[in-house]
Amino acid sequence: MEHKVNVPFPRRGCGYRELRADIDGALRRVSASGRYLLGAELAGFEAEFAAYCDNDCVAVGSGCDALELVRALGIGPGDEVVVPAHTFIGTWLAVSAAGARPVGVDPTPDGLSMDPAQVEAAITPRTRAVMPVHLYGHPADLDPLLAIAERHGLAVVEDAEQAHGARYRGRRIGSGHVVAFSFYPGKNLGAMGDGGAVVTGDAALADRIRLLRKCGSREKYRHEVQATNSRLDEFQAAVLRAKLPRVPAWNALRVRTAERYSQVLGALPQIAVPAAAPWADPVWHLYVILRANRDELRRRIERAGVETLIHYPVPPHRTPAYADDSGRRSGRTHPLSERRAAESLSLPSGPHLGDDAFQTVVAAVRAAAVGLPAYPAPDDTERATPGGHRLPLSTEIR
Ligand SMILES: *Cc1c(COP(=O)(O)O)cnc(C)c1O
């Protein structure tokens, strides 16, 4: 049944409408310059995003490309990279594109981060790196993973594609060893097309990624290594330069909306709401609630004209793309990730969600929850709350 949509999931284009004069000016500037690749806008953006992240920045064609360029660490065929099983499939695809094998692990029962015990158990002689994801803009618990990586001589490559501006124990996400960002239009900092960046403090690595993004060549027609072609073009760089100064204010609005949602919706015993872990200053790229039998709640909310989305309905290891994954053949399962995929529901959120829309969503969720049993059920064998989520009855939000 089709319903009239009163509150759509925030669409692209809001950032453009807010900054139209600046962005139009930036695009005209590039058009007139006649320089469309590897020019002043790219250099300017790299310097500005590097400063924002307290690190060096190499911008590339997409977030997936940024992750795939972990090849610069020498990771490739025959190697394994430990990744979360509860993530967007891009994390896995990038590892595969580099020629390595993604090895999934579940999150901790009470958080969004990879379970350190499972990470440790997944390490084999082939393992080269651990790839935590700062899912929904909430920083993963990095310190235990860094300790494991150090013990086993592994690299830590962070998938920060959803976490521009977040902080972990006060440290800016992006100040780590190798951190990948996406500028896909819907991200907290989004281009008007594809874009991505590798942020690193390792100058030799940055240099190697610059080589790999440009056909393996520093000098025209002198190709030192087999490489790809993945550049952030001048138009996208100029758009990102116009938007970057607004990101702190947009993130603050995301946080405010998420905290207000959790304050009111956290009182509903039928759902679990997201909350910041003690180590985290999240930037809430998405606002995701949990509910067993999520589809019934979703139908009811949508009947009230509130659009919802599911991030992500199928964990990577359950997709046809990984149907023949040897991890699965060997019996590796990710029950908690599968449960998250079945229970997650994203509500409209973001910096451009107005107060009327916010109130409409709250009313719709409240009405939809009436008559549904509590979550998790009292006899639920798995009492832990998934996903950086507090027990539904908790009033503590931060
Ligand atoms: C967006 C995203 C990617 C891929 O980024 P693209 O720019 O779309 O290639 C990878 N991992 C995660 C977690 C993402 O959210």
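Residues numbered from 1 in each chain as written. Predicted model: local features only at pLDDT ≥ 70, side-chain atom pairs only at ≥ 80, totals over all residues. Heavy atoms only, no water.

So, about the domain arrangement of the chain. You can read the domains of the chain as domain 1 (14–104 + 111–245) and domain 2 (247–392). The centre of domain 1, based on its C-alpha atoms, is set 26 Å off from the matching centre of domain 2. Taken together, the contact between domain 1 and domain 2 spans 43 residues of the former and 37 residues of the latter. In this assembly, domain 1 packs against domain 2 so that about 3,300 Å² is buried in total across both faces, 59% of it on carbon and sulfur atoms. The largest contributions to the domain 1 side of the interface with domain 2 come from Tyr136, His138 and Asn188, which together make up 22% of the buried area. The interface formed by domain 1 and domain 2 holds zero salt bridges in total. (Domains from an automatic or database assignment. Contact = heavy atoms within 4.5 Å. Buried area = accessible area lost by both parts, 1.4 Å probe. Salt bridge = Lys/Arg side-chain N within 4 Å of Asp/Glu carboxyl O.)

Of the voids in this model, the largest pocket is the one considered here, and its volume is about 930 Å³. Summarising the domain contributions, the lining of the largest pocket has at least three residues from each of domain 1 (14–104 + 111–245) and domain 2 (247–392). (1 Å grid on protein atoms, 1.4 Å probe; cavity = no way out; pocket = protein on both sides within 12 Å on 5 of 7 lines; lining within 4 Å. Points joined across faces, edges and corners; volume = space filled by probe spheres on them.)

In the vicinity of the ligand there are 14 residues, among which Gly63, Cys64, Gln162, Ser182 and Lys187 approach most closely. At 2.7 Å from an oxygen atom of the ligand is found a main-chain nitrogen or oxygen belonging to Gly63. Here Cys64 contributes a backbone N or O atom positioned 2.8 Å from an oxygen atom of the ligand. If the ligand stood free it would expose 380 Å²; the protein chains cover 93% of that surface. A molecule is said to occupy a pocket when more than half its atoms come within 2 Å of that pocket's grid points, and by this definition the ligand occupies the largest pocket. Every element with two or more residues in the shell around the ligand is listed here: α4 (63–68) and α5 (90–97). Along the lines of polarity and charge, the residues of the shell around the ligand split into three nonpolar, eight polar and three charged. (Near = heavy atom within 4 Å. Polar contact = N/O pair within 3.5 Å; in protein donor to acceptor, adjacent residues only side chain to side chain. Areas by Shrake-Rupley, 256 points an atom, 1.4 Å probe, with all protein chains shown as cover. Sits in = over half its atoms within 2 Å of the grid points. Helix = DSSP H or I, 4+ residues; strand = E, 2+ residues; numbered from the N terminus. Nonpolar A, V, L, I, M, F, W, Y, C, P; charged D, E, K, R; others polar.)

Here we take up the environment of Val239. On the secondary structure map, Val239 appears in helix α9 (residues 234–243). Linking Val239 and Tyr16, residues 223 residues apart in sequence, is a C-alpha distance of 9.0 Å. Apart from the residues within four sequence positions on either side, Val239 is in contact with Ile23, Leu27, Gly190, Ala191 and Met192.

Quick look at the sheet that holds strand β12 (residues 280–281) now. The strands making up a sheet are joined through hydrogen bonds of the backbone, oriented either antiparallel or parallel. Taking strand neighbours across the sheet as the criterion, the three strands line up as β7-β6-β12 in an open arrangement whose pairing is antiparallel. Both outer strands of the open sheet, β7 (171–172) and β12, are each paired with one neighbouring strand and no more. (Pairing = 2+ DSSP bridges.)

Moving on, we come to unusual backbone geometry. Note the cis peptide between His311 and Tyr312, where omega equals 5°. Residue Tyr375 is joined to Pro376 through a cis peptide bond whose omega torsion reads -10°. The residue Pro376 is located in the segment after α14 (355–369) in this model. You will see that Asp54, though not glycine, has its phi angle at about 60°, which is positive. Unusually for a residue other than glycine, Cys215 sits at a positive phi of about 55°.

Another aspect to go through is the packing of aromatic side chains. The tally for this structure, following the rule as stated, stands at 10 aromatic pairs. Measuring from centroid to centroid gives 5.0 Å for Phe49 and Phe181, while their planes differ by 90°, and the two rings are edge-to-face. Of the two residues, Phe49 sits in helix α3 (residues 40–53) while Phe181 sits in strand β8 (residues 178–182), which places them 132 residues apart along the sequence. Their ring planes at 70° and their centres at 5.1 Å tell us that Trp92 and Tyr322 sit as a pair that is edge-to-face. In this pair, Trp92 is assigned in helix α5 and Tyr322 in the loop between α11 (294–303) and α12 (326–329), connecting sequence segments 230 residues apart. Across the pair, exposure class does not vary: Trp92 and Tyr322 are buried alike. (Phe/Tyr/Trp six-rings, centres within 6.5 Å; stacked < 30°, edge-to-face > 60°. Buried < 20%, exposed > 50% of the residue type's maximum accessible area, 1.4 Å probe, protein only.)

Spatially, β1-β9-β8-β5-β4-β2-β3 is the arrangement adopted by the seven strands of the open sheet, whose pairing is mixed. The two strands at the open ends of the sheet, each matched to only one other strand, are β1 (56–60) and β3 (101–105). If you compare each strand with its neighbour and ignore which way they point, the axes differ by 30° on average. Across five bridges, β1 lies against strand β9 (residues 196–200) in antiparallel orientation. Paired with Cys57 across the strands is Val199, a residue of β9. (Axes fitted to C-alpha atoms, helices over the stretch in contact; angles between N-to-C directions.)

Let us now look at the side chain of Ser113. Note that Ser113 resides in the loop between β3 and α6 (116–122). By relative accessible area, which is 6% here, Ser113 ends up buried. The residues contacting Ser113, other than those within four sequence positions of it, are Pro107, Thr108, Pro139, Ala140, Asp141 and Trp279.

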